[in-house]
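One letter stands for each residue in the lines below.
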Amino acid sequence: MSVFTPITEAQLHEFLFRYPLGQLISFSGIEAGTDNSNFFVTTTHGEYVLTLFENLTDRELPFFLNLGDHLKARNCKIAQPMHDKAGDALQVLADKPAVLFEKLAGRHVVVPSQDHCSQMGRAMGEFHNAVQEMSIERCNPFGLNWLMAHRQYQHWMDTEDHELFNETLDQLEQLNNMDLPTGIIHADLFHDNALFKDDHLSGVIDWYFACNDYLLLDLAIMINDWCRHGLTFDENRIDAMIHSYQSKRRLTEDESRAMVLMRKLAVCRFWLSRTLAWNDLKDRQLGQVTVKSPNEMKSLLKTL
């Protein structure tokens, strides 16, 4: 479930009074996601998505909202944060930080095609170009330093996991000796974080892991998720994604050399975070929280 904080129709009427968006017609909770409470909202002016943030604070959210406004102003394909009559995007509803977003048309693709991968590569290149002029920063809480800090983590699902994890970290240390461009990245662009209408990209959503890190990490995360069948990678999809990305932003020589290492970093990051979440769920028995098994990421790491 993803509606951790319910709201009433009366609360929503009062909330929408702040916006020049007409009258409420209907709303419903969204049964997807694990971090925030989300609702579809329809007014006489259009359709929107309302997000109540369960973990991010009102001090953290301006980074993401400024990023959204910046990307939208540069015609990047994202969901625009809506601003109220006073020009503010960040609100409070049911004692939670809340933001209303435009609702993007389309659906997630279940099995990405070569053309989908091409479109995503192009869009990511446009995003990375657009953020280069931004001065705001947010450290990646799940970056290389975070991985290195978990060298001694012992609570793996399999006795061989700790050895595989540390062998991978030994390889990833090479990244510290490379001159790799950095900037603001999405950091979580799996195929369920993009929407397509009639096979055309309508927008990228869920920017709440956005942070400053290697630009190449975004491309690595996408390749690892968008360009494979099970554990088998489709080289045509990979080539299409990289080629389209480079039509907007050329990779440096160091980035080209670091691609496999960066893909390992991407897999290792999600393997560890899912392992930590899996063990936390097991310990606390939080039945309402959906946690993905770490095994897929471990198996994927072994193929790289």
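These notes cover the structure that comes with them. The structure presented is a predicted model; accordingly, all values stated were derived computationally and were not measured. (Residues numbered from 1 in each chain as written. Predicted model: local features only at pLDDT ≥ 70, side-chain atom pairs only at ≥ 80, totals over all residues. Heavy atoms only, no water.)

Attention now moves to the environment of proline 112. Secondary-structure assignment places proline 112 in the loop between strand 5 (96-102) and helix 3 (114-131). Overall, the relative accessible area of 8% leaves proline 112 in the buried class. Taking the C-alpha atoms as reference points, proline 112 and cysteine 227, separated by 115 residues in sequence, lie 7.4 Å from one another. In contact with proline 112, other than residues within four places in its own chain, are Cys117, His191, Trp226 and Arg237. (Helix = DSSP H or I, 4+ residues; strand = E, 2+ residues; numbered from the N terminus. Buried < 20%, exposed > 50% of the residue type's maximum accessible area, 1.4 Å probe, protein only. Contact = heavy atoms within 4.5 Å.)

Here we come to the packing of aromatic side chains. Tallied over the full model, the rule gives 14 aromatic pairs. Judged by centre distance (5.4 Å) and plane angle (45°), the ring pair of phenylalanine 15 and tyrosine 19 falls under tilted. The exposure class of tyrosine 19 is buried, given its relative accessible area of 3%. Taking 4.6 Å as the distance between ring centres and 40° as the angle between the ring planes, the aromatic pair formed by tryptophan 156 and tryptophan 271 counts as tilted. Taken together, the residues span a long stretch of sequence, with tryptophan 156 in the loop between helix 4 (144-148) and helix 5 (161-172) and tryptophan 271 in helix 9 (residues 259-284) at a distance of 115 residues. Assessed through its relative accessible area of 10%, tryptophan 156 is described here as buried. Each residue in the set Phe53, Phe63, Phe64 and Tyr208 is aromatic and connected to the rest through ring pairs, giving one cluster. Here the guanidinium or amino end of arginine 269 rests over the ring plane of phenylalanine 209, the centre of that ring lying 5.5 Å away. (Phe/Tyr/Trp six-rings, centres within 6.5 Å; stacked < 30°, edge-to-face > 60°. Lys NZ or Arg CZ within 6 Å of the ring centre and 35° of its normal.)

On to the nonpolar core, then. By size, the foremost hydrophobic cluster in this structure holds 80 residues, and its most contacted members are Met120, Leu175, Leu219 and Trp226. It is helix 9 that provides the largest number of residues to this core, a total of ten residues. Among all residues touching leucine 175, those that are not within four sequence positions of it are Leu144, Leu180, Tyr214, Ala258, Leu261, Met262 and Leu265. The next biggest cluster of nonpolar side chains, apart from the first, holds 16 residues, and it includes Leu24, Val41, Tyr48 and Met82. (Core = buried A, V, L, I, M, F, W, Y, C linked by side-chain atoms within 4.5 Å.)

Two modes of strand pairing occur in sheets, parallel and antiparallel, and in both the strands are linked by backbone hydrogen bonds. The five strands lie next to each other as 1-2-3-5-4, forming an open sheet whose pairing is antiparallel. Looking at the sheet topology across the chains shown, the edges are occupied by strand 1 (24-29) and strand 4 (91-93). Averaged over all pairs of adjacent strands, the angle between their axes in this sheet comes to 35°, without regard to strand direction. Pairing of strand 4 with strand 5, which is carried by three bridges, proceeds in the antiparallel orientation. Paired with valine 92 across the strands is proline 97, a residue of strand 5. Its contacts with the sheet place helix 1 (residues 9-16) against strand 1, strand 2 (36-43), strand 3 (46-53), strand 4 and strand 5, and it is angled at close to 120° to strand 1. (Pairing = 2+ DSSP bridges. Axes fitted to C-alpha atoms, helices over the stretch in contact; angles between N-to-C directions.)

On the secondary structure map, glutamine 174 appears in the loop between helix 5 and strand 6 (182-185). Overall, glutamine 174 belongs to the partly exposed group, its relative accessible area being 42%. When the C-alpha atoms of glutamine 174 and glutamate 60 are compared, they prove to be 32 Å apart, with 114 residues separating the residues in sequence.

Relative to the helices and strands, asparagine 279 is located in helix 9. The class for asparagine 279 is buried, based on a relative accessible area of 9%. A polar contact is formed between the side chain of asparagine 279 and the side chain of tyrosine 153, at a distance of 2.7 Å. Of note is the side chain of asparagine 279, whose polar atom sits 2.7 Å from the backbone oxygen of histidine 155. (Polar contact = N/O pair within 3.5 Å; in protein donor to acceptor, adjacent residues only side chain to side chain.)

Keep in mind that these numbers describe shape and distance, not what the molecule does.
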